Amino acid sequence: GAVVSQHPSRVICKSGTSVKIECRSLDFQATTMFWYRQFPKQSLMLMATSNEGSKATYEQGVEKDKFLINHASLTLSTLTVTSAHPEDSSFYICSASTGTGRSTEAFFGQGTRLTVV
Amino acid sequence: GESVGLHLPTLSVQEGDNSIINCAYSNSASDYFIWYKQESGKGPQFIIDIRSNMDKRQGQRVTVLLNKTVKHLSLQIAATQPGDSAVYFCAENRGGGGNKLTFGTGTQLKVEL
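All values reported here derive from a predicted model rather than from experimental measurement. (Residues numbered from 1 in each chain as written. Chains lettered and ligands numbered in written order. Predicted model: local features only at pLDDT ≥ 70, side-chain atom pairs only at ≥ 80, totals over all residues. Heavy atoms only, no water.)

Details of the overall build of chain B
- What chain B contains, in helices and strands, is 0 helices and 11 strands.
- Starting at the N terminus and ending at the C terminus, chain B contains elements arranged as β-β-β-β-β-β-β-β-β-β-β.
- Here chain B, with 113 residues, has 42% of them falling under the buried criterion.
- Once local pairs closer than 6 in sequence are excluded, the contacts in chain B between residues at least 24 apart make up 54%.
- Here chain B has roughly 5,400 Å² of accessible surface; of this, 45% comes from carbon and sulfur atoms. (Helix = DSSP H or I, 4+ residues; strand = E, 2+ residues; numbered from the N terminus. Buried < 20%, exposed > 50% of the residue type's maximum accessible area, 1.4 Å probe, protein only. Contact = heavy atoms within 4.5 Å. Areas by Shrake-Rupley, 256 points an atom, 1.4 Å probe, with all protein chains shown as cover.)

Looking at the pattern of salt bridges
Residue and element names in this part refer to chain B.
- For the coordinates displayed, the defined rule picks out 7 salt bridges over all chains.
- Residue Asp84 pairs with Arg61 through a salt bridge whose shortest N-O separation is 2.9 Å. On the criterion of sequence distance, the pair formed by Asp84 in the loop between strand 8 (72-77) and strand 9 (86-93) and Arg61 in the loop between strand 6 (56-58) and strand 7 (62-67) is long-range, its members being 23 residues apart.
- A cluster of three or more residues bridged by salt bridges with shared partners is formed by Lys37, Glu39 and Lys42. (Salt bridge = Lys/Arg side-chain N within 4 Å of Asp/Glu carboxyl O.)

A short note on unusual backbone geometry
All names here are of chain A.
- The omega torsion of the bond from His7 to Pro8 falls at 0°, within 30 degrees of zero and hence cis.
- Among the structural elements, Pro8 can be located in the loop between strand 1 (4-7) and strand 2 (10-13).
- A positive phi angle, close to 60°, is found at Lys41, a residue other than glycine.
- Along the polypeptide, Lys41 turns up in the loop between strand 4 (32-38) and strand 5 (45-51).
- The class of Lys41 is exposed, set by a relative accessible area of 86%.
- For Ser83, which is not a glycine, the phi torsion comes out positive at approximately 45°.
- Mapped onto the elements, Ser83 comes out in the loop between strand 8 (76-81) and strand 9 (90-97).

Notes on the state of the cysteines
- Under the defined criterion, the tally for this structure stands at 2 disulfides over all chains.
- For Cys23 of chain A, the disulfide goes to Cys94 of chain A, at an S-S distance of 2.0 Å. For the disulfide bridge between Cys23 of chain A and Cys94 of chain A, the dihedral angle about the S-S bond is near 80°, and by the sign convention the bridge is right-handed. With Cys23 of chain A in strand 3 (residues 19-25) and Cys94 of chain A in strand 9, this pair connects stretches of sequence that are 71 residues apart. Comparing Cys23 of chain A with Cys94 of chain A shows no difference in burial state: the two are buried.
- In this model, Cys23 of chain B is linked to Cys90 of chain B through a disulfide, with the two sulfur atoms separated by 1.8 Å. Of note, the bridge from Cys23 of chain B to Cys90 of chain B carries an S-S torsion of about 50° and is right-handed in sense. With a gap of 67 residues between them, Cys23 of chain B in strand 3 (residues 19-25) and Cys90 of chain B in strand 9 connect regions that are remote in the sequence. Neither Cys23 of chain B nor Cys90 of chain B differs from the other in exposure class; each is buried. (Disulfide = S-S within 2.5 Å.)

With respect to the confidence of the model for chain B
- Per-residue pLDDT for chain B averages 89, and the proportion of residues at 70 or more is 89%.
- Mean pLDDT across the secondary structure elements of chain B bottoms out at strand 1 (residues 4-5) of chain B, with 54, and peaks at strand 7 of chain B, with 98. (pLDDT = per-residue confidence, 0-100.)

Side note on the side chain of Gln38 of chain A
- Inspection of the secondary structure assignment puts Gln38 of chain A in strand 4.
- Assessed through its relative accessible area of 7%, Gln38 of chain A is described here as buried.
- Polar side-chain contacts of Gln38 of chain A include one of 2.9 Å to the backbone oxygen of Gln42 of chain A.
- Setting aside residues up to four positions removed in sequence, Gln38 of chain A forms contacts with Ser43, Leu44, Ser90, Phe91 and Ile93 of chain A together with Gln38 and Phe89 of chain B. (Polar contact = N/O pair within 3.5 Å; in protein donor to acceptor, adjacent residues only side chain to side chain.)

Considerations on the nonpolar core
- Of all hydrophobic cores here, the largest spans 25 residues; its most connected members are Val4, Trp35, Phe67, Leu79, Tyr92 and Leu114 of chain A.
- When contributions to this core are tallied by element, the ones reaching two or more residues are strand 2, strand 3, strand 4, strand 5, strand 7 (67-73), strand 8, strand 9 and strand 11 (112-116) of chain A.
- Counting residues in each nonpolar core, the second largest holds 20 residues, with Trp35, Ile48, Ala86 and Val111 of chain B among its members. (Core = buried A, V, L, I, M, F, W, Y, C linked by side-chain atoms within 4.5 Å.)

Dropping the structure here:
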């Protein structure tokens, strides 16, 4: 299957700083990328949908000014957690798909463990 | 509200036995379902999918069953192996266009030797 790479896999930052997480599709062009957040022993919660060249669509309750998403190319989307606080500590996962069809397979990255201290 | 959920949070099985993981969904408009496996500290891994025009689909050692009448989805794993130990999620495309997925709550599968 297609490969989606996330970087970094783990990051520790100080409260109040910003952290950028990259999501790359290595061997295909991703029309759409999705960003999820997962707290321990919980499910994946969709944060936003990122389409190349346009503004991201955020899910209800997700602050767009806090979680900045950029999808500048068909192979790269970034999520920046601004002014991070301990409650933002979580596992962030991206997925990428080649199309927008309802049954288009989504390929997931390996996740980024963010710890805010 | 509408949701995708699982009946059992933890399932323990003996190595070699068959495993059945269940999922209930409530959105009748959902027409595409996927099972994912997630190992600790990793992203979800695609296992098998099924469209709503089917009621059964088989893969290697895995079978997904879909019962639209009662809005129920199950994943059957044959001859469960220690490497199958993970959290399993069902996910659905709720409709409305695009391929946005909604994930269920997850089931921890533990394989005992």
